[in-house]
Structures are given as C-alpha cells and as structure tokens.
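What follows is the residue order along each chain.
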Amino acid sequence: VALLLGGCGIITYQEASTFRQAMATEGNVERTDVNRSVRDIAATFRERASACLQTVTRTWSAHHAPLGTVTEFTFTPTIVEDGGRVELHLQAKQTFTFEIGSGNPKGFFVLVVQATPIDARRSRLEIWNTHSIKALPTAVKGWANGSFSGCPDLS
C-alpha cells in the first residue's frame, strides 16, 4: 500500500502511456510469452476483470501515513482492444480525507497489461506494475496462460 503512494512524494499516473514509461524507467516491466491467442486472452481478461476487479474497494489501516489512519482504495479495471492487441488497465482511487488520483475519474494507474500476437496461437504479454499488490501480476499471467481462474488477493 505504501508503494502506491510512492512514500511522502505522492506520484500518480493519470494516463496509461505515462504510467508505462515511468514503470519501464524504474525497471517495473515484465515480458513473457504465452501459448494462447490474443482473442482468448481478451475473453479471459474481460471475464476475470469483471469477476475479480470490477470496482473493488479495499480499506487498509495506514497508521504510518501522515494524512490519516484509514486508507480506502477503489480499483477499476478497463479492457482496451485495439488493432489485434488487448490491454488490461487497473486504476485506483485512494481516499484519506480527500481523494488522490482525482484528475482521472477512475483514479491513477497501478497496472497495465498488454497482450500482442506472436502468431495465431501465441501471444507476448507485457506487464507494467507498481509492485504495490504482489498478487496482481501473478494472477494476470495465470489468466493469460489459462493456468489460473481465481481472483488475486488485493489485501
């Protein structure tokens, strides 16, 4: 949770492109190939994001935070399909006594995943991630390769 805030200097990314660029600069991008088509990955992302991430709200104690003792995150996923590729965006709104990430109605980016075709049956997965919720990239890779159909632990 503390990593979502970026320490005392709060950095929130309002656009997927700036989030990707920042995570790549920090070395927070992972690439892997999966033996599934982009079409199958897109269907799984739509189904799993709806079941597991659709406006999920989590509340954590943040006793160390100078802004308050309870922090609430509201996560919102978006699926973007364009030109044969699919992307899963996960954004979060954070609330203390005020909202962080209010420049974008869905909040700031915490995860962007892109699947692009290698051929008819294989895809390349790229994951840009803040590493704030360790279970997210593992779950998304499992969704993409068909080995996991559960929901990540967002706590």
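As shown above, the structure is provided for reference.
Quick summary incoming for the structure in this document. (Residues numbered from 1 in each chain as written. Predicted model: local features only at pLDDT ≥ 70, side-chain atom pairs only at ≥ 80, totals over all residues. Heavy atoms only, no water.)

### Description of the overall build of the protein chain
Part 1 of the reasoning: Helix and strand counts for the protein chain stand at four helices and seven strands.
Part 2 of the reasoning: Tracing the protein chain from N to C terminus, the helices and strands come up as α-α-β-α-β-β-β-β-β-β-α.
Part 3 of the reasoning: Each of the 155 residues in the protein chain was classed as buried or not, and the buried ones make up 46%.
Part 4 of the reasoning: Carbon together with sulfur atoms contributes 50% to the accessible area of the protein chain, which is approximately 7,700 Å² in total. (Helix = DSSP H or I, 4+ residues; strand = E, 2+ residues; numbered from the N terminus. Buried < 20%, exposed > 50% of the residue type's maximum accessible area, 1.4 Å probe, protein only. Areas by Shrake-Rupley, 256 points an atom, 1.4 Å probe, with all protein chains shown as cover.)

### What to know about the nonpolar core
Part 1 of the reasoning: Core analysis: the biggest nonpolar cluster contains 28 residues, and Phe45, Phe75, Val113 and Trp143 have the highest contact counts within it.
Part 2 of the reasoning: Within the residue set of this core, elements represented by two or more residues are helix H3 (38-53), strand E3 (70-82), strand E4 (85-95), strand E6 (108-117), strand E7 (123-129) and helix H4 (135-145).
Part 3 of the reasoning: The greatest single-element share of this core, amounting to seven residues, is contributed by H3.
Part 4 of the reasoning: Ranked by size, the runner-up nonpolar core spans eight residues in total, among them Ala16, Ala22, Met23 and Phe109. (Core = buried A, V, L, I, M, F, W, Y, C linked by side-chain atoms within 4.5 Å.)

### Details of the environment of alanine 51
Part 1 of the reasoning: Position of alanine 51 relative to the elements: it lies in helix H3.
Part 2 of the reasoning: Under the relative-accessibility criterion, alanine 51 is labelled partly exposed at 47%.
Part 3 of the reasoning: C-alpha separation for the pair alanine 51 and cysteine 151, spaced 100 residues apart in sequence, amounts to 7.8 Å.

### Considerations on the pairing of E6
Part 1 of the reasoning: Counting buried residues in E6 gives eight out of 10 residues, a clear majority hidden from the surface.
Part 2 of the reasoning: Both E6 and E7 contribute to a ladder of seven bridges, which runs antiparallel. Note that in E7 the partner of alanine 115 across the bridge is leucine 125.
Part 3 of the reasoning: Here E6 hands over to E7 after five residues, the two strands then running antiparallel side by side. (Pairing = 2+ DSSP bridges.)

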